[in-house]
Amino acid sequence: MTRFVYPGSFDPPTLGHLDLIRRASGMADEVVIGVLQNAAKAPLFGEQERVALLRELVEAEGLKNVRVVAFAGLLVEFARQEKATAILRGIRGAADVEFELQLAQMNRALAPEVETLLLPASPQYSHISSQLTKQAARGGGEIKAFVPKAVRAKVLRRLREQS
Ligand code: PNS
């Protein structure tokens with residue numbers, strides 16, 4: 001039984017995240033998306049909102065072997081708890097490779113039995129980040145090329161509520 005954990009802040013989930021989830025779902029028996037609690041100091045969405053958003057996306061995609069849960073604390077402990085075959089992370093470019101390598105090696109030092117798999121982002125999504133999507137939306141930019149439709153609506157509503 002192959003089980004990947006796919007951790008992240010997902011504030012908000014982007015088209016790039018969804019692409020990775022779709023591809024991972026075809027490679028593993030089960031994918032567990034781990035939504036980091038307290039990801040940012042002032043996240044746009046609370047952890048339960050991010051979990052709900054991701055569940056909605058996974059269901060809309062019909063991905064039956066994907067679960068979404070929140071986690072706190074160390075990623076390797078979450079991976080152990082879930083009996084994961086590997087931690088899955090996406091890489092978009094050189095900066096990600098540097099950071100992800102460091103993260104993977106820190107995690108390996110903490111838990112040598114927990115493997116990390118790095119999956120290159122699809123090129124059409126390799127410029128997208130949650131952080132820049134929020135910046136674009138705050139500045140009044142169109143974000144439909146960055147996030148799923150349902151997420152776009154919720155981001156816009158949240159920003160309206162905040163203003
Ligand atoms: O979507 P992100 O913000 O790039 O995800 C980062 C994440 C969740 C993978 C990372 O911050 C993380 O693993 N946090 C939990 C604490 C931890 O285990 N850190 C790495 C070992 S020092």
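Reading guide: rules and limits
- Residues numbered from 1 in each chain as written.
- Predicted model: local features only at pLDDT ≥ 70, side-chain atom pairs only at ≥ 80, totals over all residues.
- Heavy atoms only, no water.
- Helix = DSSP H or I, 4+ residues; strand = E, 2+ residues; numbered from the N terminus.
- Rg over C-alpha atoms; globule rule 2.2 N^0.38 Å.
- Buried < 20%, exposed > 50% of the residue type's maximum accessible area, 1.4 Å probe, protein only.
- Expected span 1.5 Å × (residues − 1).
- Arc of directions from axis to C-beta.
- Contact = heavy atoms within 4.5 Å.
- Pairing = 2+ DSSP bridges.
- Axes fitted to C-alpha atoms, helices over the stretch in contact; angles between N-to-C directions.

With that settled, the discussion passes to the overall build of the protein chain. Along the protein chain, the regular secondary structure elements total 6 helices and 5 strands. Overall, the protein chain shows an N-to-C arrangement of helices and strands of β-α-β-α-β-α-β-α-β-α-α. Against the compact-globule benchmark of 15 Å for 163 residues, the protein chain has a radius of gyration of 15 Å, which places it among compact chains. Principal axes of the C-alpha set define a box for the protein chain whose edges measure 45 × 35 × 30 Å. For the protein chain, the proportion of its 163 residues judged to be buried stands at 44%.

Further remarks concern the environment of A145. Along the chain, the position of A145 falls in the loop between helix 5 (130-138) and helix 6 (149-162). A145 sits 39 residues away from M106 along the chain, and the two C-alpha atoms are 34 Å apart.

With that settled, the discussion passes to helix 2 (residues 47-61). For helix 2, built from 15 residues, the straight-helix expectation of 21 Å at 1.5 Å per residue is met to within 8% by its first-to-last C-alpha distance of 21 Å. Among the residues of helix 2, R50, V51, L53, L54, L57 and V58 are the ones counted as buried. Projected onto a plane normal to the axis of helix 2, the buried residues spread over an arc of 160° and lie on a single side. Along helix 2, the residues that are exposed and aim more than 90 degrees away from the buried face are Q48, E59 and A60. Where helix 2 is buried, its residues contact helix 1 (15-25), strand 2 (30-36), strand 3 (66-71) and helix 6.

Reading across the sheet, the 5 strands line up as 3-2-1-4-5 and stay open at both edges, with parallel pairing between neighbours. The outermost strands of the open sheet, each flanked by one partner alone, are strand 3 and strand 5 (115-120). Adjacent strand axes in the sheet meet at a mean angle of 30° when their direction is disregarded. With 6 bridges joining them, strand 1 (residues 3-8) and strand 2 adopt parallel strand pairing. Residue pairing for strand 2: V5 is matched across the bridge by V32. Against the sheet, helix 4 (residues 94-110) makes contact with strand 4 (86-91) and strand 5, and its axis sits at roughly 165° relative to strand 4, the strand it touches most.

What follows concerns the pairing of strand 4. Every regular strand shows the same layout, with side chains that alternate between the two sheet faces. Buried residues dominate strand 4, accounting for 5 of its 6 residues. For strand 1 and strand 4, the ladder comprises 2 bridges, and the chain directions are parallel. In the sheet register, V5 faces strand 4, and the bridge partner there is I87. Two strands pair when backbone bridges link them, and strand 4 and strand 5 are joined in this way by 6 bridges, in the parallel orientation. Looking at strand 5, one finds that I91 is bridged to P120.

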